[in-house]
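If you want the building blocks of each chain, they are given just below.
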Amino acid sequence: MMPSRAATLFTVILVLAISFTSCSSPAPPQSLIEPRPSPPSPAPAPAPAPIPAPQAPAPQAPAPVPASPTPRATLVLEPSRELVGTWQGTGTSYIVDGNNGQRVTKVTYRATLNIAAVNGNVPQGTLTMIDIKHEDLTPARFPAQNFGPDQIRDGQAGDTRLYFRVDNWRWEFTFTSDLMSGHFTSNLPNQCDPKAYILTKQR
């Protein structure tokens, strides 16, 4: 038996009503919805280790400079080198031909050096030279000649050395407490060998 048209229409209305009810039912409250877990955050990258700043090398202490030896004063008299007094002796020098430089006369002098005082390192006194032997080495002849007493000038005395000038003769001696040896240089026609004059201190 076929359903009636009215029954069919009722059934359609009923289905539509049920569908409408299902679509219009409220959604469950948000609080009842379980939140979806978020993925874990990646761990932060470790901070790079700090680079140490370069350090200046520690200053090196300068090497100690050895102390320079104190120069010894060369012109200081010592008690054992007392110059004051009379020094006497002999020496030989030569008269030279100014044309050819040949020694023409050999002269032996007796020399007397009288040191009256030494002020600081400046000696004061006189020098006397007496010709005691005169020997001509060539036919040319030169007369004997004596000198002094003449004042010594431009003198300088040290612990073992003595310098002074008489006229144009520049004298240089080395000495101990009682013995002196030396020679002179001159721009006159005279020559003298080193340490040609030996003087001893008179007591």
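For the structure itself, consult the block above.
Residues numbered from 1 in each chain as written. Predicted model: local features only at pLDDT ≥ 70, side-chain atom pairs only at ≥ 80, totals over all residues. Heavy atoms only, no water.

Describe the overall build of the chain, with residues and values.
On a plain count of helices and strands, the chain comes out with one helix and nine strands. Listing each helix as α and each strand as β along the chain from the N terminus yields α-β-β-β-β-β-β-β-β-β. By the burial criterion, 24% of the 203 residues in the chain qualify as buried. A separation threshold of at least 6 residues defines the contact pool for the chain, and within that pool the share at least 24 residues apart is 48%. Entry remark: accessible area of the chain is about 14800 Å², with carbon and sulfur atoms responsible for 60%. (Helix = DSSP H or I, 4+ residues; strand = E, 2+ residues; numbered from the N terminus. Buried < 20%, exposed > 50% of the residue type's maximum accessible area, 1.4 Å probe, protein only. Contact = heavy atoms within 4.5 Å. Areas by Shrake-Rupley, 256 points an atom, 1.4 Å probe, with all protein chains shown as cover.)

Quick rundown of the sheet that holds strand E1 (residues 85-96)? Include the residues and the values.
Ordered in space as E4-E3-E2-E1-E9-E8-E7-E6-E5, the nine strands form an open sheet in which the pairing is antiparallel. The outermost strands of the open sheet, each flanked by one partner alone, are strand E4 (147-151) and strand E5 (153-157). Strand after strand, the sheet turns through a mean of 20° between neighbouring axes, direction not considered. With 12 bridges joining them, E1 and strand E2 (residues 103-119) adopt antiparallel strand pairing. Residue pairing in the sheet places Thr92 in a bridge with Thr108 of E2. (Pairing = 2+ DSSP bridges. Axes fitted to C-alpha atoms, helices over the stretch in contact; angles between N-to-C directions.)

Got a sec to walk through unusual backbone geometry? Specific residues and values, please.
Cis peptide bonds are those with omega within 30 degrees of zero, and the linkage from Gly148 to Pro149 qualifies with 5°. Looking at the element boundaries, Pro149 is found in strand E4. One non-glycine residue with positive phi stands out, namely Lys195, at about 55°. With respect to the helices, strands and loops of the structure, Lys195 is situated in strand E9 (residues 190-201).

So, the pattern of salt bridges: which residues are in play, and what are the values?
All told, the structure shown has three salt bridges when counted by the stated rule. Here Arg161 and Glu172 are joined by a salt bridge, their closest N and O atoms 3.1 Å apart. Here the residue Arg161 occupies a position in strand E6 (residues 161-166), and Glu172 occupies one in strand E7 (residues 169-175), the gap between them amounting to 11 residues. (Salt bridge = Lys/Arg side-chain N within 4 Å of Asp/Glu carboxyl O.)

An account of the packing of aromatic side chains is requested, with residue identities and associated values reported.
Note on aromatic pairs: each is described by the distance of the centres and the angle between the planes. Following the criterion strictly, the structure yields 10 aromatic pairs and no others. For the pair Phe184 and Tyr197, a centre-to-centre distance of 6.4 Å together with 55° between the ring planes defines the contact as tilted. Of this pair, Phe184 sits in strand E8 (residues 179-186) while Tyr197 sits in strand E9, and the two are 13 residues apart along the sequence. Of the two residues, Phe184 and Tyr197, neither departs from the other in class, the shared state being buried. The rings of Tyr109, Phe147, Phe164, Trp169, Trp171, Phe173, Phe184 and Tyr197 are connected pair by pair, giving a single aromatic cluster. Above the ring of Tyr94, the side-chain terminus of Arg103 is found at 4.0 Å from the ring centroid. (Phe/Tyr/Trp six-rings, centres within 6.5 Å; stacked < 30°, edge-to-face > 60°. Lys NZ or Arg CZ within 6 Å of the ring centre and 35° of its normal.)

Just give me the short version of the side chain of Asn190, but keep the residues and values in it.
The residue Asn190 is located in strand E9 in this model. Exposure remark for Asn190: the relative accessible area of 16% places this residue in the buried category. Those residues in contact with Asn190 that sit more than four places away from it in its chain are Tyr94, Ile95, Trp169 and Phe184.

Hey, could you go over the pairing of E8 for me, with residue numbers and the actual values?
With seven bridges connecting them, E7 and E8 associate as antiparallel partners. Within E8, the position partnered with Thr174 by the bridge is Ser181. Hairpin connection between E7 and E8: a loop of three residues separates the two successive antiparallel strands. Pairing of E8 with E9, which is carried by four bridges, proceeds in the antiparallel orientation.

Can you lay out the pairing of E1 for me, pointing to particular residues and giving the numbers?
In textbook terms, the turn of a hairpin is the stretch between consecutive antiparallel strands, and for E1 and E2 this stretch comprises six residues, one of which, Gly101, has a positive phi near 75°. Note: E1 against E9, eight bridges, orientation antiparallel. If you follow Gly89 over to E9, its bridge partner there is Leu199.

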